[in-house]
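Now for the letters of each chain:
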Amino acid sequence: MKVVSAAHGALRPDAPVFRADDEALLRGAAAFETLRVYDGRPFLLAEHLERFRWSVEALALPSATGVEALVEQVAGGDGVLRLYRTSHDLVVTFAPLPPDLEEQRARGLRLRSFDVGTPTMLPGVKATSYAAAFAARREAERAGDDDALFVSGGHVLECATANIWWRRGDDLFTPETRAGVLPGVTRGFVLAHERVTEGAFPLDDLLTADEAFTTSSIREVMPVVGVDGRELPQGPAAARIQAAIRSAA
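Residues numbered from 1 in each chain as written. Predicted model: local features only at pLDDT ≥ 70, side-chain atom pairs only at ≥ 80, totals over all residues. Heavy atoms only, no water.

Novice: Residue-level account of the nonpolar core, with values.
Specialist: Among the nonpolar cores identified, the biggest contains 23 residues, and Leu111, Leu149, Ile164, Trp166, Leu206 and Val227 are the most heavily contacted of them. Those elements that provide at least two residues to this core are strand E7 (109–115), strand E8 (147–152), strand E9 (155–159), strand E10 (163–168), helix H7 (203–207) and strand E14 (220–227). Not counting residues up to four positions away in its chain, the partners in contact with Leu111 are Asp145, Asp147, Leu149, Cys159, Ile164, Val224, Gly226, Val227 and Asp228. Among the nonpolar cores identified, the runner-up in size contains 21 residues, and Leu35, Leu70, Leu83 and Phe94 belong to it. (Core = buried A, V, L, I, M, F, W, Y, C linked by side-chain atoms within 4.5 Å. Buried < 20%, exposed > 50% of the residue type's maximum accessible area, 1.4 Å probe, protein only. Helix = DSSP H or I, 4+ residues; strand = E, 2+ residues; numbered from the N terminus. Contact = heavy atoms within 4.5 Å.)

Novice: Report on the pairing of strand E12 (residues 196–199), specifying residues and quantitative values.
Specialist: Both strand E11 (residues 171–175) and E12 contribute to a ladder of 4 bridges, which runs parallel. Its bridge partner lying in E12, Leu172 is registered against Val196. Each parallel crossover has a hand, and for E11 linked through helix H6 (residues 185–193) to E12 it is right-handed. (Pairing = 2+ DSSP bridges. Right-handed = clockwise from strand over helix to strand, strands pointing away.)

Novice: Provide a residue-level description of the pattern of salt bridges, including the pertinent values.
Specialist: Under the defined criterion, the tally for this structure stands at 21 salt bridges. The partner of Arg27 in a salt bridge is Glu23, and the shortest N-O contact between them spans 3.0 Å. The exposure class of Arg27 is exposed, given its relative accessible area of 60%. With a relative accessible area of 26%, Glu23 lands in the partly exposed category. One salt bridge connects Glu220 with Arg246, and the closest N-O pair in it is separated by 2.7 Å. Pair noted here: Glu220 is in strand E14 and Arg246 is in helix H8 (residues 236–248), with a separation of 26 residues, a long-range link. Here Glu220 falls in the buried class, since its relative accessible area comes to 1%. Classification of Arg246 as partly exposed rests on a relative accessible area of 37%. (Salt bridge = Lys/Arg side-chain N within 4 Å of Asp/Glu carboxyl O.)

Novice: Outline helix H2 (residues 45–58), supporting the account with residue identities and numerical values.
Specialist: Spanning 14 residues, H2 covers 20 Å between terminal C-alpha atoms, matching the ideal 20 Å at 1.5 Å per step. Within the span of H2, buried status applies to His48, Leu49, Arg51, Phe52, Ser55 and Val56. In a view along the axis of H2, the buried residues occupy a sector of 165°, so they form one face of it. Projecting away from the buried face of H2 at angles above 90 degrees are the exposed residues Ala46, Glu50 and Glu57. Taken together, the buried residues of H2 touch strand E3 (31–38), helix H3 (67–74), strand E5 (79–85), strand E6 (90–95) and H6. Directly beyond the C-terminal end of H2, a positive phi value near 60° is found at Ala60. (Expected span 1.5 Å × (residues − 1). Arc of directions from axis to C-beta.)

Novice: An account of the side chain of Asp146 is requested, with residue identities and associated values reported.
Specialist: Within the fold, Asp146 resides in the loop between helix H5 (131–142) and E8. Residue classification places Asp146 among the buried residues on the basis of a relative accessible area of 18%. Side-chain polar atoms of Asp146 contact the side chain of Arg107, separated by 3.1 Å. The contact partners of Asp146, leaving out residues within four places of it in the chain, are Arg107, Gly108, Leu109, Arg110, Arg137 and Glu141. (Polar contact = N/O pair within 3.5 Å; in protein donor to acceptor, adjacent residues only side chain to side chain.)

Next comes the structure, spelled out in structure tokens:
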């Protein structure tokens, strides 16, 4: 891993980075972005920076001025780029890709739904407060599944770190962005290249779909083969969109 800080410059991966009084540690109040780098080129960097700065402003953090220069210092080859704006620092890291992505893509994901009640009051903000989402993912894994699918009032929201999509016939569907549904950057890429219906959809719509998949910056497109123990068929849309992302990267 490579680590560079606006306050301290390049750091060893095992060096201390955040101050003990940083709001990022005290309250999880930090903005962040995660994006994929292909052969040294951060994919959809401008779109990620736009959302990053929106999150910084919504969380009332200091500005993220100079983040592009930090990105240039670390990004190289294929990997995972992460940006953090905390109350005291601006930090960028670059790390290898998870080793099992293609294996997951080949077998598909199994999801377990969780009712999350009233979603967050910070719609559109990507903050580091992921404790509840990761707790749900761990619970899903204990049940033999791969990821958590969040539902509110019977309506589908998103997965722990990904947007959810499904196909019925030739039509694609995804939950509209609102509290509890992050406007994913990869989601935006799909919307720009596919005809999609956005809305508030009950869980049954997903359970009876002809195909389902998730999108995220690092995992790209992951087919969904089951939800709550119910098998879902695989189809052509996931592979088509995955190919479009690789072609554009």
